[in-house]
Amino acid sequence: MRYQSLRQCVDDLEQHGHLLRIAVEVDPYLEMAEIQRRVYQNQGPALLFERVKGSPFPAVSNLFGTMDRARFMFRSTLTGVRRMIELKADPSQLWRAPWKYAGVSLAAFSSLPRKVSSGPVFGGQTLISKLPRIQSWPDDGGPFILLPQVFSEDVCQPGIFHSNLGMYRIQLGGNQYQTDHEIGLHYQLRRDIGIHHTHAVETGSPFRISIFVGGPPAHTLAAVMPLPEGLPEVMFAGALAGRRFRYTRMAGHVISTDADFCITGTIIPDKLLPEGPFGDHLGYYSLQHHYPVLKVESVFHRTDAIWPFTVVGRPPQEDTVFGELIHEITGPMVPVSLPGVRAIHAVDAAGVHPLMLAIGSERYRPDVERQPRELLTLANAILGFGHCSLTKYLWIVAGEDNLQLKVDNIQEFFIHALERVDWNRDLHFQTRTTMDSLDYSGSGLNSGSKVVIAAAGPKKRNLAITIPSSLKLPEGFGQPYLALPGVLVIQAPSYHHESGAMADIERLTSLINGEALRECPLLILADDSEFTGRNLNNWLWTTFTRSNPSHDIHGFDSFTDHKHWGCRGSLIIDARLKPHHAPPLIEDPEITKRVDQLGAPGKSLHGLI
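Report on the accompanying structure.

What counts as what
- Residues numbered from 1 in each chain as written.
- Predicted model: local features only at pLDDT ≥ 70, side-chain atom pairs only at ≥ 80, totals over all residues.
- Heavy atoms only, no water.
- Helix = DSSP H or I, 4+ residues; strand = E, 2+ residues; numbered from the N terminus.
- Rg over C-alpha atoms; globule rule 2.2 N^0.38 Å.
- Buried < 20%, exposed > 50% of the residue type's maximum accessible area, 1.4 Å probe, protein only.
- Contact = heavy atoms within 4.5 Å.
- Lys, Arg positive; Asp, Glu negative; His and termini not counted.
- Charge placed at Lys NZ, Arg CZ, Asp CG, Glu CD.
- Pairing = 2+ DSSP bridges.
- Axes fitted to C-alpha atoms, helices over the stretch in contact; angles between N-to-C directions.
- Disulfide = S-S within 2.5 Å.
- Phe/Tyr/Trp six-rings, centres within 6.5 Å; stacked < 30°, edge-to-face > 60°.
- Lys NZ or Arg CZ within 6 Å of the ring centre and 35° of its normal.

### Concerning the overall build of the protein
Part 1: Of the regular secondary structure elements, the protein holds 18 helices and 30 strands.
Part 2: A compact globule built from 609 residues should have a C-alpha radius of gyration of about 25 Å, and the protein, at 25 Å, falls within 12% of that.
Part 3: Each principal axis of the C-alpha atoms in the protein carries an extent, and together these give about 75 × 60 × 55 Å.
Part 4: In the protein, which comprises 609 residues, the share counted as buried stands at 59%.
Part 5: Contacts in the protein between residues far apart in sequence, at least 24 positions, make up 72% of those at least 6 positions apart.
Part 6: Distance between charge centroids for the protein: 5 Å, based on 57 positive and 63 negative side chains.

Here you go:
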């Protein structure tokens with residue numbers, strides 16, 4: 001099925017039992033978001049909210065709620081796009097198995113954008129205040145567009161083939177925005193739209209923005225694809241939709257004619273307003289900061305328009321499936337783009353950018369002791385590769401040490417790495433560098449550190465599968481849990497300031513017998529050790545979202561040798577909440593009670609939440 005519209009997709013999902021209609025009126029303030037979160041967690045269907053309080057438009061969520069449903073939506077095109085990527089990675093495949101790539105030419109043709117004179121998006125016009133104003137978390141700064149496709153062009157190199165289509169945050173109201181006339185645009189470092197904005201400012205040109213919402217689901221996925229700079233997402237959108245991306249131009253703006261909604265506007269020069277807070281995909285609020293303001297010019301919509309949305313929060317959420325699809329589609333390109341790298345995996349449960357796992361090759365000097373050498377070269381390449389540059393913790397191992405190891409088998413990966421890592425030599429820090437704007441574990445906005453942990457060679461130790469019986473903890477520390485083999489989580493005193501934290505570390509390392517931790521090479525300090533050690537996802541989220549490598553990595557018998565830091569005993573990661581961290585996301589108890597009622601017997605969501 002090649003969808004020409006979101007409505008066609010919704011009808012198809014309903015016909016095949018993948019979608020549920022909700023006929024009762026639902027409030028876009030917190031209620032719709034909590035329903036979405038619960039249905040997603042239960043691997044439920046897509047949801048069509050027919051009556052959205054305060055808006056004439058219906059809304060749909062959870063379209064991408066499961067990989068099975070995502071594959072179903074793209075069942076006619078996904079294979080062709082994968083084959084196209086495979087050929088890009090290795091063109092010789094065409095001559096080895098030409099029959100396998102018979103459909104690639106259709107995908108390639110569909111990737112070519114098509115300019116038209118008009119289209120369904122011009123069915124009507126509305127106001128920003130009439131759109132479904134969905135707010136997901138109690139302390140959000142206001143309603144946001146939660147699946148925007150933000151289109152921009154470079155004034156120095158205009159044209160659809162040099163455009164960018166990205167999923168950047170759009171705040172529809174609240175704060176100091178003039179209702180119906182201004183909305184907020186938030187984008188992070190290293191985004192193509194930032195380059196376009198810079199060129200517009202440098203040349204004194206108006207920076208025009210179009211925001212598409214809805215349309216064929218392939219357009220939404222294209223907006224989150226990590227494509228190389230200069231390769232327009234609209235081409236990928238057409239290939240995956242199996243239908244060329246249709247667009248027209250009006251008053252200097254590009255408009256997707258198949259979209260359900262299109263907001264056009266121009267960035268107001270020299271005007272920045274507070275944007276946020278916003279409950280983000282790390283599981284915390286990204287705090288209020290000044291960002292550009294878009295002066296709204298028009299809001300177009302289809303006559304049968306549906307407003308698609310999702311919820312962002314502590315992973316996994318619906319956007320987890322985006323990541324899985326991206327890995328599935330782009331996997332063949334990794335060895336080509338990063339020679340020597342076999343696979344990379346940005347760990348969704350840790351918030352994506354805080355943690356990346358990689359498998360590489362270690363082929364340098366086979367006549368000497370095996371240790372990380374080529375892996376360090378590969379690590380530098382990964383940290384310079386597109387969005388991988390935002391990675392905070394990069395763990396990389398040599399594939400030759402275990403040919404069966406898979407980068408997405410997270411527990412086995414850590415076991416493999418911890419059996420081999422040498423904390424004397426295998427830690428490599430980058431301090432005072434840029435990091436993800438949404439990660440507040442660092443020393444300031446966009447400012448923090450990175451660490452590469454590289455492990456290669458034979459197994460060095462067995463890992464504990466029970467808490468060491470000889471372990472004696474100092475006063476103030478307690479409740480040890482084994483999060484996974486060799487990883488011990490300890491509840492520590494609350495963190496108040498850096499000097500107190502260093503005193504805690506000194507007390508811990510001086511009073512614990514290091515020999516008791518011989519089979520526990522990694523210790524995690526947490527505020528709640530039971531929660532952190534309860535399951536793999538809790539450990540990943542707590543450890544890697546609440547620590548800044550340069551400040552929060554410590555160790556037993558640590559040393560500095562010519563600016564190289566290491567330790568001879570176990571490594572410690574201080575994953576306690578710090579005063580400068582953003583607050584974690586917490587649901588409103590009154591909304592929770594209200595949604596509970598919708599799940600009662602006889603109600604519309606009974607059995608789904």
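### With respect to the sheet that holds strand S22 (residues 427-434)
Within a sheet, each strand pairs with its neighbour through backbone hydrogen bonds, oriented either parallel or antiparallel.
Part 1: As summarised here, the arrangement of the five strands in space is S19-S20-S21-S23-S22, forming an open sheet in which the pairing is mixed. Since the sheet does not close on itself, it has two edges, and those belong to strand S19 (341-346) and S22, each with one partner. The average undirected angle you get between the axes of adjacent strands in this sheet is 15°.
Part 2: Of the pairings in the sheet, the one linking strand S21 (residues 393-398) to strand S23 (residues 447-455) comprises five bridges and is parallel in character. In the strand pairing of S23, Ile 396 is matched with Ala 454.

### Considerations on helix H13 (residues 410-420)
Part 1: In terms of burial, H13 is largely enclosed, as nine of its 11 residues are buried.
Part 2: Along H13, the residues that are buried comprise Ile 410, Phe 413, Phe 414, Ile 415, His 416, Ala 417, Leu 418, Glu 419 and Arg 420.

### Quick notes on the sheet that holds strand S12 (residues 246-250)
Part 1: With mixed pairing, three strands are arranged side by side in an open sheet as S4-S12-S13. Of all the strands in the sheet, the pair left with one neighbour each is strand S4 (114-115) and strand S13 (253-256).

### Re the side chain of Gln 135
Part 1: Inspection of the secondary structure puts Gln 135 in the loop between strand S5 (124-125) and strand S6 (144-145).
Part 2: Among the residues examined, Gln 135 registers a relative accessible area of 9% and is labelled buried.
Part 3: Excluding residues within four positions of it along the chain, Gln 135 makes contact with Pro 28, Tyr 29, Leu 30, Ala 33, Asp 140, Gly 142 and Pro 143.

### Digging into the state of the cysteines
Part 1: Overall, the coordinates contain zero disulfides when judged by the stated rule.
Part 2: Of all cysteine sulfurs, the one in Cys 567 lies closest to Cys 520, which takes part in no disulfide; the gap is 14 Å.

### Concerning the packing of aromatic side chains
Part 1: Enumeration according to the criterion identifies 20 aromatic pairs in this entry.
Part 2: Between Phe 49 and Phe 309, the ring centres sit 5.8 Å apart and the planes meet at 45°, which makes this aromatic pair tilted. In this pair, Phe 49 sits in strand S2 (residues 46-52) while Phe 309 sits in strand S18 (residues 307-309), placing the two residues 260 residues apart along the sequence. The exposure classification of Phe 49 matches that of Phe 309, with both residues buried.
Part 3: Ring plane angle 15° and centroid distance 5.2 Å describe the contact between Tyr 284 and Trp 541, whose orientation is recorded as stacked. With Tyr 284 in the loop between strand S15 (278-279) and strand S16 (285-286) and Trp 541 in helix H16 (residues 536-545), this residue pair connects regions lying 257 residues apart in the sequence. An identical accessibility class is assigned to Tyr 284 and Trp 541; each is buried.
Part 4: Linked through ring pairs, Tyr 393, Trp 395, Phe 413, Phe 414, Trp 423, Trp 539 and Phe 544 together constitute an aromatic cluster.
Part 5: Lying over the aromatic face of Trp 137, Arg 37 brings its terminal NZ or CZ to 3.9 Å of the ring centre.
Part 6: Taking NZ or CZ as reference, Lys 578 lies 5.6 Å from the ring centre of Tyr 495, over its face.

### What about the environment of Lys 578?
Part 1: With respect to the secondary-structure elements, Lys 578 resides in the loop between strand S30 (571-574) and helix H18 (589-598).
Part 2: Along the sequence, Lys 578 and Ser 604 sit 26 residues apart, while their C-alpha atoms lie 42 Å from each other.
Part 3: Residues within four places of Lys 578 in sequence aside, it is in contact with Tyr 495, Arg 546 and Asp 552.

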